[in-house]
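# Working through the structure, step by step
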Amino acid sequence: LEFRRVLFRSLEDVYTGLSIISRRKTDFVLEGSEVDMFNFFRTLNKGEDAMVLVEGSPGIGKTTFCLKISHDWAKGTIPNESSFPLFELVLLLKCRDFHGDVMEAIVNQLLPEDMDQNAKKNVVHYIKDIHNQERILIILDGLDELPKTAESSVDKLLHRRILPFCYVLATSRQEKGIEVRQNVDFDVLLQIKGFTEADSYDYIRKHFRHLGQDYEPKGERLIKAIQDNSYLHELPSNPLNLLLLCVVFEYFEGKLPSCRTDLYQIIVNCLLQRYCAKHNLKVAAGAANDSDVVSDKALMKHFEESFLVLGELAWRCLKEDRFSFREKELVEFESTHESLAARSLGLVFKEASLRKINPQHEYFFFHKTFQEYLAAFHLAQMLLKLKIDFFSELHLNFYEDMIESYRQVFIFMSGILGEEAGLLFEQIGKKLKDENWDWWNCLEEEATFFHECFIESRNDE
């Protein structure tokens, strides 16, 4: 899809600097001063190997941060004046793709399949040789997406029981980062805050400039729209949200969303429209004024079964700490839903299994935030249609589940429910009342959760 083409545009074309700040090791408090992405090793003694943890919220740019470091190292364009060590090897590993130990991940993810076996052994031997490790950087992108089966192996790396002298740079969502930094002695703690206002405008200009001179004025109009709409002020600081905003504005000019849920709903509808066009599929126009225009509700109604299946899989995977589902899981749904289009809508993509015998191919969600959006759609329908009680029937815990583990899911759910979000908060209110909830002792993360959900529902009054 065109959206995918835009997302994977060359780093040189659109990369924009991120605001990165340090966190104190003693009490984990964020410090005010910004850190340059190639100077975070400056605090260490020369020749001292280090472990760095970079935290950030969903879509804030953690993966792009890793790609930028790897890209500039490979191209030899890291600034000479920076304190970045002269590495002989930089190994960028995706945690979600771990299917064994660290060395297996290096071989499976980074070395060519047709590489000579002796050459592979030489690479592995080079990495394991402690005399070389001080010149090697291992980047672990997405500790929060690490399968449970690989946790013990990665723990050995983080606790210096394997490859003890390699530099390690790990990224994680904040909820996982809290747990990791309390159990692992990182030398440097950083947090990506996202784009500053100036950086977000720079990104927008690059995005539309790349499309051609005729598009440059459109970028300026988007910047003006963000400045004029207070509901959009928070969106551009998050790189993923800003990319979605640019794509939406590019194809649906004048339909800028007022909240994050609307933004994702418009992107989803864009994907559905393109699916219909590609498959020459006619969907009833619904209540749209123009009989040739398909309304958003009509589209969602037509693909409801597919969304419910993807949503159920998304929720199942979240509960099991997975970020993909096996093909056979989807086939089970397809056997009872004849016209299911779940695998073709552009919200998941298939990756072939590395196993040679009885391979289990997997589908990955386009991004974890899309997984959370789909899970929220599933839960919203369970609440509306089945009147499910999240606490007594699904056995969810208010703080551990709603506030910590699945916070973004329930924020999305509030946006999807809209005026019906009261049904969710009636259940939460009853639960808190039964537990003798004390508002005077309400934690900040609990208060902000309520506030974000109320705003997202567009029914906060």
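As a reminder, the structure under discussion sits directly above these lines.
Residues numbered from 1 in each chain as written. Predicted model: local features only at pLDDT ≥ 70, side-chain atom pairs only at ≥ 80, totals over all residues. Heavy atoms only, no water.

### Some thoughts on the overall build of the chain
Per the secondary structure count, the chain includes 19 helices and ten strands. For the chain, whose C-alpha radius of gyration is 23 Å, the value lies close to the compact-globule estimate of 23 Å for 461 residues. Referenced to the eigenvectors of the C-alpha coordinate spread, the extents of the chain come out at roughly 70 × 60 × 55 Å. Residues classed as buried in the chain amount to 51% of the 461 residues present. Of the contacts made within the chain by residues no fewer than 6 positions apart, 70% connect residues no fewer than 24 positions apart. Per element, the accessible surface of the chain, about 23,100 Å² overall, is 49% carbon and sulfur. (Helix = DSSP H or I, 4+ residues; strand = E, 2+ residues; numbered from the N terminus. Rg over C-alpha atoms; globule rule 2.2 N^0.38 Å. Buried < 20%, exposed > 50% of the residue type's maximum accessible area, 1.4 Å probe, protein only. Contact = heavy atoms within 4.5 Å. Areas by Shrake-Rupley, 256 points an atom, 1.4 Å probe, with all protein chains shown as cover.)

### Brief notes about the state of the cysteines
Across all of its chains, the model carries zero disulfides by this definition. As a non-bridged cysteine, Cys 317 has Cys 95 as the owner of its nearest cysteine sulfur, 17 Å distant. Among the residues examined, Cys 317 registers a relative accessible area of 0% and is labelled buried. Free cysteine Cys 442: the closest other cysteine sulfur is in Cys 453, separated by 12 Å. The class of Cys 442 is partly exposed, set by a relative accessible area of 22%. (Disulfide = S-S within 2.5 Å.)

### Describing the environment of Leu 110
Its place among the elements puts Leu 110 in helix 4 (residues 102-110). C-alpha separation for the pair Leu 110 and Val 247, spaced 137 residues apart in sequence, amounts to 31 Å. Apart from the residues within four sequence positions on either side, Leu 110 is in contact with Leu 91, Leu 92, Leu 93 and Ala 105.

### Examining the sheet that holds strand 10 (residues 362-365)
In space, the three strands of this open sheet follow the order 8-10-9, with antiparallel pairing throughout. The outermost strands of the open sheet, each flanked by one partner alone, are strand 8 (324-326) and strand 9 (348-351). Each strand axis lies, on average, 30 degrees off the axis of its neighbour in the sheet, ignoring direction. When strand 8 meets strand 10, the two strands line up antiparallel, connected through three bridges. Looking across to strand 10, one finds that Ser 324 is bridged to Phe 364. The sheet contacts of helix 14 (residues 327-334) involve strand 8, strand 9 and strand 10, and relative to strand 8 the element is tilted by about 70 degrees. (Pairing = 2+ DSSP bridges. Axes fitted to C-alpha atoms, helices over the stretch in contact; angles between N-to-C directions.)

### Quick look at the pattern of salt bridges
Per the stated rule, a full pass over the model turns up 25 salt bridges. Asp 202 is the salt-bridge partner of Lys 206, the closest N and O atoms lying 3.8 Å from each other. Of this pair, Lys 206 and Asp 202 both sit in helix 8 (residues 197-211), four residues apart, roughly one helical turn. Among the residues examined, Asp 202 registers a relative accessible area of 29% and is labelled partly exposed. One salt bridge in this structure joins Lys 224 and Asp 228, with 2.6 Å as the shortest N-O distance. With a gap of four residues between them, Lys 224 and Asp 228 both fall in helix 9 (residues 216-228), about one helical turn apart. Residue class for Lys 224 comes out partly exposed when judged on its relative accessible area of 44%. With a relative accessible area of 55%, Asp 228 lands in the exposed category. When salt bridges with common partners are traced through the structure, they connect Arg 316, Glu 320, Arg 322, Arg 326 and Glu 329 into a single cluster. (Salt bridge = Lys/Arg side-chain N within 4 Å of Asp/Glu carboxyl O.)

### A short note on the packing of helix 11 (residues 260-278) against helix 15 (residues 368-386)
A pair of packed helices is captured by two measures, namely the crossing angle of their axes and the spacing between those axes. In the contact formed by helix 11 and helix 15, the axes pass within 11 Å of each other and the chain directions differ by 95 degrees. In terms of axis orientation, helix 11 runs roughly perpendicular to helix 15. Where helix 11 abuts helix 15, its residues Arg 260, Thr 261, Tyr 264, Gln 265, Ile 267 and Val 268 lie against Thr 369, Phe 370 and Tyr 373. Its residues assigned to classes, the contact of helix 11 with helix 15 comprises five nonpolar, three polar and one charged. (Parallel < 35°, antiparallel > 145°, perpendicular 65-115°, else oblique. Nonpolar A, V, L, I, M, F, W, Y, C, P; charged D, E, K, R; others polar.)

### Observations regarding helix 4
The set of residues buried in helix 4 consists of Val 102, Met 103, Ala 105 and Ile 106. Projected down its long axis, helix 4 carries its buried residues within an arc of 160 degrees, all on one side. As for helix 4, its buried residues are in contact with strand 4 (89-94), helix 5 (117-128) and helix 6 (151-158). Two or three places before Met 103, at the start of helix 4, stands the capping residue Asp 101, its side-chain oxygen 3.2 Å from that residue's backbone nitrogen. (Arc of directions from axis to C-beta. Polar contact = N/O pair within 3.5 Å; in protein donor to acceptor, adjacent residues only side chain to side chain.)

### So, the pairing of strand 5 (residues 136-141)
Counting buried positions over the six residues of strand 5 gives six, a clear majority of the element. A two-sided burial pattern is seen for strand 5, the buried positions comprising Ile 136, Ile 138 and Leu 140 on one face and Leu 137, Ile 139 and Asp 141 on the other. In this sheet, strand 5 lies alongside strand 4 in parallel orientation, the contact comprising six bridges. Bridged to Leu 89 within strand 5 is Ile 136. As paired elements, strand 5 and strand 6 (residues 167-173) share four bridges and run parallel to each other. Considered in strand 6, the bridge of Ile 138 is made with Val 168. Taking the sense of rotation as the criterion, the β-α-β connection linking strand 5, helix 6 and strand 6 turns out right-handed. (Right-handed = clockwise from strand over helix to strand, strands pointing away.)

Shape is all these values report; function is a separate question.
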